[in-house]
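# Chains, contacts and geometry: an overview
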Amino acid sequence: MEEGSNLLTAHQSFTEVRMSQKVDYDIGKYLDRLYEVYGEIDHAYKESAVYYGFSCKGCEENCCDTVFYHYSLVEYFGLLEGFEKLTEDLKDRSLERARDYVRELNRHRGKESLIRIMCPLNYDGLCCVYENRPLICEIHGLPGELHHPVKGREGFEGCSRFGKTNEKDGEKVIDRTPFYTRIATLESQLRREMGYLIKFRKTIAEMLIDGDLL
Ligand code: SF4
């Protein structure tokens, strides 16, 4: 998933979030640690991409049109911080696209793997919140594995383009475990601080629409 060019250059802080009518939370410390993890994922991804000679450039099967659900509040706030850096015009257009996305998605709930809807933050094949995109957006595409303490090892083959173009043995696998573990730790600390117990499961489009309501 490639980098877009619509980010504002000036840094805008997004460290306080109002979750109710009464309480503000300082989430900056969680976001700083989240971005450290993102930086390490980026490094692991690039190292693997170099090994395989893999690139998303020119791919006609943009994976940003796959329906992914995201499960963490901390990544939700990370995404919203990226969204806040966009121009007002781009934010408005993205929210409009997000509403269209959810309307389309609602017609296919339960059969998400069968449909393709472009993410409202993808413009001309480029992600406009590249630095703040969630873990799955960062790591999708190349072979990976996840070691779950109960379920054991789960393998990921990489995207269809990788399957079609790769000629190497596939031995280089990105271990997602430390990244997931650290984000899960942040998530539980943040939730504890906020007293937030509700299950989180949202597409990017739903995150944007909900973010507009905060
Ligand atoms: S946030 Fe949307 S546009 Fe950006 S990488 Fe993820 S799916 Fe693609």
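A brief report on the enclosed structure follows. (Residues numbered from 1 in each chain as written. Predicted model: local features only at pLDDT ≥ 70, side-chain atom pairs only at ≥ 80, totals over all residues.)

Across its full length, the chain holds seven helices and eight strands. Pairs at least 24 apart in sequence give 81% of the contacts found in the chain among residues at least 6 apart. (Helix = DSSP H or I, 4+ residues; strand = E, 2+ residues; numbered from the N terminus. Contact = placed C-beta atoms within 7 Å.)

With zero of five residues buried, strand 7 (residues 152-156) is to be regarded as a mostly surface element. Sheet topology places strand 6 (residues 144-148) next to strand 7; five bridges connect them, and they run antiparallel. Bridge pairing links glutamate 145 to glycine 155 in strand 7. Counting the residues that bridge the hairpin from strand 6 to strand 7 gives three residues. (Buried ≥ 20, exposed ≤ 12 C-beta atoms within 10 Å, placed from the backbone. Pairing = 2+ DSSP bridges.)

Attention now moves to the packing of helix 1 (residues 28-52) against helix 2 (residues 73-84). Where helix 1 meets helix 2, the closest approach of the two axes is 10 Å, and the angle between their N-to-C directions is 90 degrees. Between helix 1 and helix 2, the interaxial angle falls into the category roughly perpendicular. Across from Tyr30, Leu31 and Leu34 in helix 1, the residues of helix 2 making contact are Val74, Glu75, Phe77, Gly78 and Glu81. (Axes fitted to C-alpha atoms, helices over the stretch in contact; angles between N-to-C directions. Parallel < 35°, antiparallel > 145°, perpendicular 65-115°, else oblique.)

Where strand 6 meets strand 8 (residues 174-175), two bridges bridge the pair, whose relative direction is parallel. Its bridge partner being in strand 8, glycine 144 is matched across the sheet by isoleucine 174.

A word on the packing of helix 1 against helix 6 (residues 177-194). Viewed as axis vectors pointing N to C, helix 1 and helix 6 meet at an angle of 170 degrees, and their least axial separation amounts to 10 Å. One way to sum up the angle between helix 1 and helix 6 is to call them roughly antiparallel. Together, Tyr30, Arg33, Leu34, Val37, Glu40 and Ile41 of helix 1 and Phe179, Arg182, Ile183, Leu186 and Leu190 of helix 6 make up the contact between the two elements. For the contact of helix 1 with helix 6, a count of residues per class yields eight nonpolar, no polar and three charged. (Nonpolar A, V, L, I, M, F, W, Y, C, P; charged D, E, K, R; others polar.)

Turning to unusual backbone geometry, a few remarks are in order. You will see that aspartate 124, though not glycine, has its phi angle at about 55 degrees, which is positive. Residue placement: aspartate 124 occurs in the loop between strand 4 (122-123) and strand 5 (126-127). The class for aspartate 124 is exposed, based on 8 C-beta atoms found within 10 Å.

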